[in-house]
Amino acid sequence: VFLIWRLEGTFDWVSFQLLYAIIPVSFLVSFIIWKTSHVDQMPPYQLLFAVPAFILSITWITVAANTLMNFLNSIQTIFGVNKTFIGMTLLAWGNSAGDFFTDGTLARNGFGMMAVTGCYAGQMFNTLIGFGSGLLILTADSPLNFPLFSAEYKFQLLVIGCLLTSLLIALVSLMINNWVFTKKSVFGLGILYLCLSVLATIFVLSS
C-alpha cells in the first residue's frame, strides 16, 4: 500500500510517520507467528492471513505493472518503436514469464493437463477480464474509437491472424493425435512464433 502511495505521489509526512509506527507492530506480529507456528503443523489462525496475503499479492502485481508500463513508455518515447511491437515482445514476455516457469514445472511433475489448461485459461482470463474491464472503464462515459480493421492497424491484424492460426494448428494437431500433445506439434507452434517474430521485426523496420 505504501509503495502504491509513493508511485501515485500521495506519500506525505503523515504516511511516513504511519510507516514507522507499523514497522515495530509488524515485527511483533512476526515474532508471535514464529513462536506459535510449527514446521509440521499449520497454525490455527492461518486462515486470517489468506485474505491479507491475496491483497498483498495484488499490491505487488500493481506496483510491478506500473513500473513495467513506465519502462515500456520510456522505450517507446526514446526509440519510437511501434507500440504493438512492444506489446507482443516485452509486455507479452513479462506477462507470460510466470506461466512459462509455473506451467513447465507442473508438466515436469506429471501435471500436464493442469499446465495446458492453465496456459490457455490464463490468456482467456487476461483477454476477457483484463482487456474487457479496461475497455469497460474507457467506454463508460463515451465510445472508444478503435478502428482495428483499417490500413493503419495492419500490424495488429498480423498478430491476430497468427494467434488464430496457432490455435487452429493446436486444435487440429490434438484431434489428429487423439488429444495428445506431441513434440512435432510443440515444435510447430514454436516455429510459428519465430516466424511471427521475424515478420513483426521486418514490418517495424520497414515502417
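Everything that follows concerns the structure shown earlier in this document.
In short, a report on the structure. Small disclaimer: the values here were computed from a predicted structure and weren't measured. (Residues numbered from 1 in each chain as written. Predicted model: local features only at pLDDT ≥ 70, side-chain atom pairs only at ≥ 80, totals over all residues. Heavy atoms only, no water.)

1. Thoughts on the packing of helix α4 (residues 83–108) against helix α6 (residues 154–176)
Next up, step 1: Two numbers describe how α4 lies on α6: the axes approach to 9 Å, and their chain directions differ by 25°. The pairing of α4 with α6 is recorded here as roughly parallel in orientation. Seen along the crossing, α4 lies across α6 with a hand that is left-handed. Here T84, F85 and M88 of α4 come into contact with α6, specifically with F155, Q156 and V159.
Next up, step 2: For the contact of α4 with α6, the residue count by class is four nonpolar, two polar and no charged. (Axes fitted to C-alpha atoms, helices over the stretch in contact; angles between N-to-C directions. Helix = DSSP H or I, 4+ residues; strand = E, 2+ residues; numbered from the N terminus. Parallel < 35°, antiparallel > 145°, perpendicular 65-115°, else oblique. Left-handed = near helix turned anticlockwise from the far one by under 90°. Contact = heavy atoms within 4.5 Å. Nonpolar A, V, L, I, M, F, W, Y, C, P; charged D, E, K, R; others polar.)

2. Looking at helix α3 (residues 50–79)
Next up, step 1: Its 30 residues give α3 an end-to-end C-alpha distance of 43 Å, which sits within 8% of 44 Å, the value for a rise of 1.5 Å per residue.
Next up, step 2: Of the positions making up α3, those classed as buried are T59, V63, L72 and I75.
Next up, step 3: Phi turns positive one or two residues past the end of α3, at G80, with a value near 65°. (Expected span 1.5 Å × (residues − 1). Buried < 20%, exposed > 50% of the residue type's maximum accessible area, 1.4 Å probe, protein only.)

3. Section: the environment of S173
Next up, step 1: The topology assignment puts S173 in helix α6.
Next up, step 2: The buried category is assigned to S173, whose relative accessible area is 11%.
Next up, step 3: Expressed as a C-alpha distance, the spacing of S173 and S185, which sit 12 residues apart in the sequence, is 6.3 Å.

4. Brief notes about a nonpolar patch on the surface
Next up, step 1: A cluster of nonpolar side chains, namely V116, Y120, L157, I160, L163, L164, L167, F181 and V186, defines an oily patch on the protein surface of about 730 Å² accessible area.
Next up, step 2: Contributing elements (two or more residues each) for the nonpolar patch: α5 (112–138) and α6.
Next up, step 3: Look at L157 and you get partly exposed, because its relative accessible area is 31%. (Patch = residues over 30% accessible without salt bridge, like charges linked within 9 Å, V, L, I, M, F, W, Y side chains within 5 Å. Areas by Shrake-Rupley, 256 points an atom, 1.4 Å probe, with all protein chains shown as cover. Salt bridge = Lys/Arg side-chain N within 4 Å of Asp/Glu carboxyl O.)

5. What to know about α5
Next up, step 1: In a regular helix each residue adds 1.5 Å, so 27 residues correspond to 39 Å; α5 covers 38 Å between its end C-alpha atoms and thus fits that length.
Next up, step 2: Considering bend angle alone, the principal kink of α5 is centred on N126 and spans about 25°. (Bend = angle between axes of the 7 residues up to and from the residue.)

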